[in-house]
Amino acid sequence: MQDKTQERLDMEKKSDASFFGQPRGLSTLFFTEMWERFSYYGMRAILLYYMYFSVSKGGLGFSETTAASIMAIYGSLVYLSSVVGGYVSDRLWGSRRTVFYGGILIMAGHIILALPMGSAALFGSIALIILGTGLLKPNVSEMVGGLYTEEDTRRDSGFTIFVFGINLGSFVAPLLVGYLGMNVNFHLGFSLAAIGMAFGLLQYYLGGKKHLPSGSLYPSDPLEPEDAKKLSLRIVIGIVVFGLILLVLQMMGSLNINSFITLLSILGVLTPIVYFIIILSSKKITKTERSRVVAYIPLFIAAAVFWAIAEQGSVVLALFAENQTNNHFLGLNIPAAWYQSLNPLFIMLYTPIFTILWVKLGKRQPSSPTKFSTGMFFAGASYLLMVLPVMMFGAHSKVSPLWLVGSWAIIEIAEMLISPVGLSVTTKLAPKAFESQMMSMWFLANAAGQAVNSQIVRFFTPENEIAYFTIIGLVAIAAGIVLALMVKPVKRLMEGVN
């Protein structure tokens, strides 16, 4: 009987192995996510500069401080919205439609940015892209898993190919969009991001009808009429409460862009706290599962600190790239936006190295908390490195771009020790009743980190640079030391999960 089952699975593989030995549907999802990341990271590579460059240079003329805060809270809300995307897919539309509608919203957001309509267009675009990315991003990944049966040994290699597509789009986008945006016109750069998303949507629509499983058309846990009423009531209450807060701020004369960002920052930090309380107080989880969730808390905090540093690459390091880096290097004129390609470049370079390393070490490899702790040391070191050029040459001198390359090279080692490991340990520690919500928690670590970012990036000025880089670097290292001291108790709480 077992031989017949295996024979059937082998036949199914052979009949659907037209994309590097993988199901044809992987090609559809690979290019959808590649183009979505192309559009998002292309836009993000020039958005900061568009906001704070003067109107005469084609920008909006915001202060650098305000632009940096907007960039940080933007990133936080993108990851917060992934919780909404997962819920809409599971309860309302199914993953295939949710991804498609998300892509339409993203493309609309880029089109609005491509039109020279000032700050109103900027905030409208941000709202559309936040919601669209939240609908699209978590559900594309979920559909990749749906292409394989539990017995299909191609699953891990399929996800590896998929992740390569993410980084390929993220790598190419700042080079192309960055060149057009910085050297020709910002709106032309945003247009290219919109065109990229349009390509992704077109091939997703055509390929999805042929190659994606029909189950992705339907919600996995359809919303019952009674649940729909409760959900509608909660949404209305949430909107009313948020509106009342804004009204109070307006009456106090305190409603401005900075206070609004602060309000969103509080939301970004409170959301995961509420999630943890809900999960830990639930009667649906066992004693062992509760212990594992408690073990996850210090890992979550470490991840939030890491993402707070890593995501400053598009804010603090982007400012450093434009204002304090000698971008005439080896006969090249380097647009500041190009440095945003360093993140995905190093991930693509490091991935095979770490994959081979973990396979080679096997059961001798460090535990997940140890990997996290080590990653925090590298994250801190990446910022301490940036203290050196400022100390050596001063805050108002142009320094070699190799300092930025070195900083990204170091922090991407940290990302390899934290990001994939965090995804894996999240699935292992998740209670049965909260498997999807725990996956959302991993995205919320990034959201919380960037929410905090929106407040601390305001302190980044040429006069404060040495203190800024030093304090953040030391905070990361201190977090790594604390986590290292907690490895044994955390492993005990993990109840057999490594």
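Look a little higher up for the structure.
Residues numbered from 1 in each chain as written. Predicted model: local features only at pLDDT ≥ 70, side-chain atom pairs only at ≥ 80, totals over all residues. Heavy atoms only, no water.

Within the chain, the regular secondary structure consists of 17 helices and 2 strands. Here the chain has a C-alpha radius of gyration of 23 Å; the compact-globule value for 498 residues is 23 Å, and the two agree. If you line up the chain on its principal axes, its C-alpha atoms span 75 × 50 × 50 Å. Across the chain, the fraction of contacts at a sequence separation of at least 24, relative to all contacts at a separation of at least 6, is 81%. As presented, the chain carries roughly 22800 Å² of accessible surface, and 68% of it is formed by carbon and sulfur atoms. Computed over 35 positive and 27 negative side-chain charges, the separation of the two mean positions in the chain equals 4 Å. (Helix = DSSP H or I, 4+ residues; strand = E, 2+ residues; numbered from the N terminus. Rg over C-alpha atoms; globule rule 2.2 N^0.38 Å. Contact = heavy atoms within 4.5 Å. Areas by Shrake-Rupley, 256 points an atom, 1.4 Å probe, with all protein chains shown as cover. Lys, Arg positive; Asp, Glu negative; His and termini not counted. Charge placed at Lys NZ, Arg CZ, Asp CG, Glu CD.)

Attention now goes to the pattern of salt bridges. This structure, assessed with the given rule, holds 3 salt bridges. For Lys137, the salt bridge goes to Glu33, with nearest N and O atoms at 3.2 Å. A residue pair is termed long-range when its members are at least 10 positions apart, and Lys137 in helix 5 (residues 118-146) and Glu33 in helix 2 (residues 24-52) qualify at 104 residues. Assigned by exposure class, Lys137 and Glu33 land together as buried. With a shortest N-O distance of 3.0 Å, Arg44 and Glu311 are connected by a salt bridge. Highlighted residues: Arg44 in helix 2 and Glu311 in the loop between helix 10 (287-310) and helix 11 (316-323), separated in sequence by 267 residues. For the residue pair Arg44 and Glu311, the accessibility class agrees, reading buried in each case. (Salt bridge = Lys/Arg side-chain N within 4 Å of Asp/Glu carboxyl O. Buried < 20%, exposed > 50% of the residue type's maximum accessible area, 1.4 Å probe, protein only.)

So, about the nonpolar core. If you look at the biggest cluster of nonpolar residues, it comprises 112 residues, and the most contacted ones within it are Leu47, Tyr49 and Phe469. Membership of the second largest hydrophobic core comes to 19 residues, among which are Leu29, Leu136, Val144 and Leu201. (Core = buried A, V, L, I, M, F, W, Y, C linked by side-chain atoms within 4.5 Å.)

Enumeration according to the criterion identifies 29 aromatic pairs in this entry. Over the ring of Phe53 we find Lys57, and its NZ or CZ is 5.7 Å from the ring centre. Above the ring of Trp358, the side-chain terminus of Lys371 is found at 3.9 Å from the ring centroid. (Phe/Tyr/Trp six-rings, centres within 6.5 Å; stacked < 30°, edge-to-face > 60°. Lys NZ or Arg CZ within 6 Å of the ring centre and 35° of its normal.)

Attention now goes to helix 16 (residues 465-485). An α-helical segment advances 3.6 residues per turn. Residues three or four places apart therefore align on the same side. Over its 21 residues, helix 16 runs 30 Å from end to end, which matches the ideal 30 Å to within 8%, given 1.5 Å per residue. Regarding helix 16, the residues found buried are Glu465, Tyr468, Phe469, Ile472, Gly473, Ala476, Ile477, Gly480 and Leu483. Along the long axis of helix 16, the arc covered by the buried residues comes to 150°, so they all point the same way. Exposed positions of helix 16 whose direction lies more than 90 degrees from the buried face are Ile471 and Leu485. (Expected span 1.5 Å × (residues − 1). Arc of directions from axis to C-beta.)

Turning our attention to the packing of helix 2 against helix 11. In the contact formed by helix 2 and helix 11, the axes pass within 10 Å of each other and the chain directions differ by 65°. Between helix 2 and helix 11, the angle is such that the two are roughly perpendicular. Where helix 2 crosses over helix 11, the two elements pack in a sense that is right-handed. Residue-level contacts link Leu48, Tyr49 and Tyr52 of helix 2 to Ala318, Leu319, Ala321, Glu322 and Asn323 of helix 11. (Axes fitted to C-alpha atoms, helices over the stretch in contact; angles between N-to-C directions. Parallel < 35°, antiparallel > 145°, perpendicular 65-115°, else oblique. Left-handed = near helix turned anticlockwise from the far one by under 90°.)

A cluster of nonpolar residues, Ile266, Val269, Leu270, Ile273, Ile277 and Val452, forms a patch on the protein surface that exposes about 490 Å² of accessible area. The dominant element in the nonpolar patch, judged by the number of residues it contributes, is helix 9 (residues 257-281), at 5 residues. Mapped onto the elements, Val269 comes out in helix 9. Looking at Val269, the relative accessible area reads 32%, which means it is partly exposed. (Patch = residues over 30% accessible without salt bridge, like charges linked within 9 Å, V, L, I, M, F, W, Y side chains within 5 Å.)

Inspection of the secondary structure puts Trp403 in helix 14 (residues 402-429). Trp403 sits 78 residues away from Thr325 along the chain, and the two C-alpha atoms are 8.8 Å apart. Those residues in contact with Trp403, other than ones at most four positions away along the chain, are Leu385, Met386, Leu388, Pro389, Met392 and Phe393.

This part covers helix 8 (residues 225-251). Its 27 residues place the ends of helix 8 39 Å apart at the C-alpha level, agreeing with the 39 Å of an ideal helix rising 1.5 Å per residue. The first or second residue beyond helix 8 is Gly253, which carries a positive phi of 75°.

Before going further, it helps to spend a moment on the packing of helix 3 (residues 64-93) against helix 9. At a minimum axis distance of 10 Å, the contact between helix 3 and helix 9 shows a crossing angle of 35°. Where helix 3 crosses over helix 9, the handedness of that crossing is left-handed. Of the residues in helix 9, those in contact with Thr66, Ser69, Ile70, Ile73, Ser76, Leu77, Leu80 and Val83 of helix 3 are Ile257, Asn258, Ile261, Leu264, Ser265, Gly268, Thr271 and Tyr275. Tallied by class, residues from the contact of helix 3 with helix 9 come to 9 nonpolar, 7 polar and no charged. (Nonpolar A, V, L, I, M, F, W, Y, C, P; charged D, E, K, R; others polar.)

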